[in-house]
Amino acid sequence: SYADLLKECPTSRFRLEASYGEAFARYKLGDTARSVELLRDSAGAFQQAAKGSTNESVLVRGSFLLAEALFAQKNFPVAEPMLTDLAKRGLSPEAEWQRQYLLARIELGDRRLDAALLRVTNLVAIATARSNAVLQARSLTLKGEILEEKQQPEAAVHAYQDIARIPGVAADQKRQALLKLVDVAVAQNRLTNAIQQLNAFLEQHAQDPNSDLIRFTLGEIYLKQFYASTGSANATNTTSSLSLGTNLLSSARSQFDLIINQLTNSSFVGKAWLDRGWCFWEEAQLLGNTNVAGNAVSPAAPTESKLLDGQKAFQAAIASLPKSFDQAQARFKLADCQFQLRDYTNALANYHLLLDQSRDLLDVKEKLLDHALYQVVRACIASGDLAAGRAALDRILAEFPRSPWSDDSLFLYGQAL
């Protein structure tokens with residue numbers, strides 16, 4: 001609509017605002033290149049309308065938008081002098097904060113961490129002097145991120161904790177600070193601490209509009225804790241370790257279930273189904289009634305039940321997720337469940353769907369397709385179709401000659417012969 005106005009009404013008094021509006025809309029759509037072009041082109045509507053204009057507000061906003069778009073393109077050498085020149089325009093305290101904030105982000109992106117930290121300290125002072133809770137919280141968040149990059153996690157924790165102490169700080173900024181604290185705790189492998197913080201937040205903010213994000217994060221940390229416990233050097237197949245594992249998986253699944261059953265409009269529903277499937281899959285492996293060394297065996301009843309539940313969850317994830325790595329992973333694990341249930345026909349169908357439908361996704365090609373072809377070889381051998389197994393073997397050797405799964409496929413097929 002802004003573009004139409006500029007085209008149809010070349011003498012409109014709204015020309016400057018419309019040209020800024022078009023560039024802003026392009027930026028929000030993620031088309032930063034077009035946004036930069038619209039704002040920088042000397043023959044374009046914005047630059048032409050800016051000549052002699054006294055609308056300082058729109059001119060300043062246009063300069064900030066151009067700097068933001070250049071920053072998004074990592075074009076720091078062009079964005080930085082623009083922001084330096086903006087200081088000459090007698091900015092309001094809030095606009096000066098915005099200028100300094102973007103400069104600090106540029107310095108962070110350019111790995112000038114000491115300069116960024118010095119500047120962000122000034123940002124905190126500007127926001128505090130104005131008693132602006134929003135700007136204080138954003139300043140402290142950026143300060144924490146810089147300190148994390150400087151490998152100073154404890155100092156970063158203090159910065160994030162200070163956000164909750166700001167008078168009148170909004171709930172969403174408290175939530176963002178909490179998630180930053182959780183990230184630091186997870187990075188330091190303090191998973192119990194992260195779980196405690198998330199549970200405390202849910203108790204205090206039961207009606208938080210973004211509780212789905214908190215619950216999904218909590219569920220994923222329970223899963224991380226499960227993998228940490230089963231993957232440790234001291235992990236054994238004792239009754240106590242089995243109990244710990246099942247309890248952690250149950251705790252994780254309860255969070256995903258709440259999202260699926262109660263927060264049905266959440267954008268995390270698809271991922272919750274995927275992780276719910278992972279919980280059932282891992283419970284089935286914990287029970288120890290499937291042979292993961294190469295040959296499929298008949299699963300015992302408790303394992304079969306978990307695999308069937310996992311199969312349903314992965315099917316729901318495929319239906320809920322867009323075409324993506326997550327959806328491809330859901331299909332891969334659906335096929336794995338069917339394979340362990342000795343449903344080779346459907347397992348092969350899903351492995352082949354994955355191979356055919358996700359080849360254009362680079363991360364899927366790099367992380368899943370060689371493993372999927374190996375599983376095809378296994379399923380063909382298990383079902384007695386050595387000819388199809390040979391075709392899959394030839395394909396993995398041709399497409400992924402250096403993959404460990406190619407070696408395993410060759411060895412497995414040799415055993416079958």
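As a reminder, the structure under discussion sits directly above these lines.
Here's what I pulled together on the structure shown here.

Thresholds, definitions, all that
- Counting of residues starts from 1 at the beginning of each chain's written sequence and follows it residue by residue.
- The predicted nature of this model means local features are confined to residues of pLDDT at least 70 and side-chain atom pairs, given and counted, to a pLDDT of 80 or more, with totals for whole chains, interfaces and linings taken over all residues.
- Note that the side-chain values use all heavy atoms of the structure and ignore hydrogens as well as water.
- Only DSSP runs of H or I reaching four residues or more are called helices, and only runs of E reaching two or more are called strands; each is numbered from the N terminus.
- As a reference, a globule follows 2.2 Å times the number of residues to the power 0.38, and the radius of gyration itself is taken over C-alpha atoms.
- Each residue is placed in one exposure class: buried if its accessible area under a 1.4 Å probe, protein chains only, is under 20% of its type's maximum, exposed if it is over 50%, and partly exposed if it falls in between.
- We call two residues in contact whenever any of their non-hydrogen atoms come within 4.5 Å of each other.
- The method behind every accessible area is Shrake-Rupley, applied with a 1.4 Å probe, and residues are considered shielded solely by the protein chains displayed.
- Any carboxyl oxygen of Asp or Glu within 4 Å of a side-chain nitrogen of Lys or Arg constitutes a salt bridge here.

**Describing the overall build of the protein chain**
Stage number 1. Within the protein chain, the regular secondary structure consists of 22 helices and 0 strands.
Stage number 2. Since a compact globule built from 417 residues should have a radius of gyration of about 22 Å, the 27 Å found for the protein chain marks it as more spread out than a globular shape.
Stage number 3. On the principal axes, the C-alpha backbone points of the protein chain span a range of 80 × 50 × 40 Å.
Stage number 4. A buried classification covers 46% of the 417 residues belonging to the protein chain.
Stage number 5. Within the protein chain, contacts between residues at least 6 apart in sequence are counted, and of these 56% link residues at least 24 apart.
Stage number 6. Total accessible area on the protein chain stands at roughly 20800 Å², and carbon and sulfur atoms take up 50% of it.

**Let's talk about the pattern of salt bridges**
Stage number 1. Considering all chains together, one arrives at 23 salt bridges under this definition.
Stage number 2. The shortest N-O distance in the salt bridge between glutamate 68 and arginine 105 comes to 3.3 Å. Placement of the pair is glutamate 68 in helix α5 (residues 56-72) and arginine 105 in helix α7 (residues 93-109), with a sequence separation of 37 residues.
Stage number 3. Exposure remark for glutamate 68: the relative accessible area of 18% places this residue in the buried category.
Stage number 4. Judged by its relative accessible area of 22%, arginine 105 falls in the partly exposed class.
Stage number 5. Several salt bridges share partner residues, and in doing so they unite Glu80, Asp110 and Arg112 into one network.

**Points about the side chain of serine 403**
Stage number 1. Examined against the element boundaries, serine 403 turns out to sit in the loop between α21 (386-399) and α22 (404-416).
Stage number 2. The class for serine 403 is buried, based on a relative accessible area of 8%.

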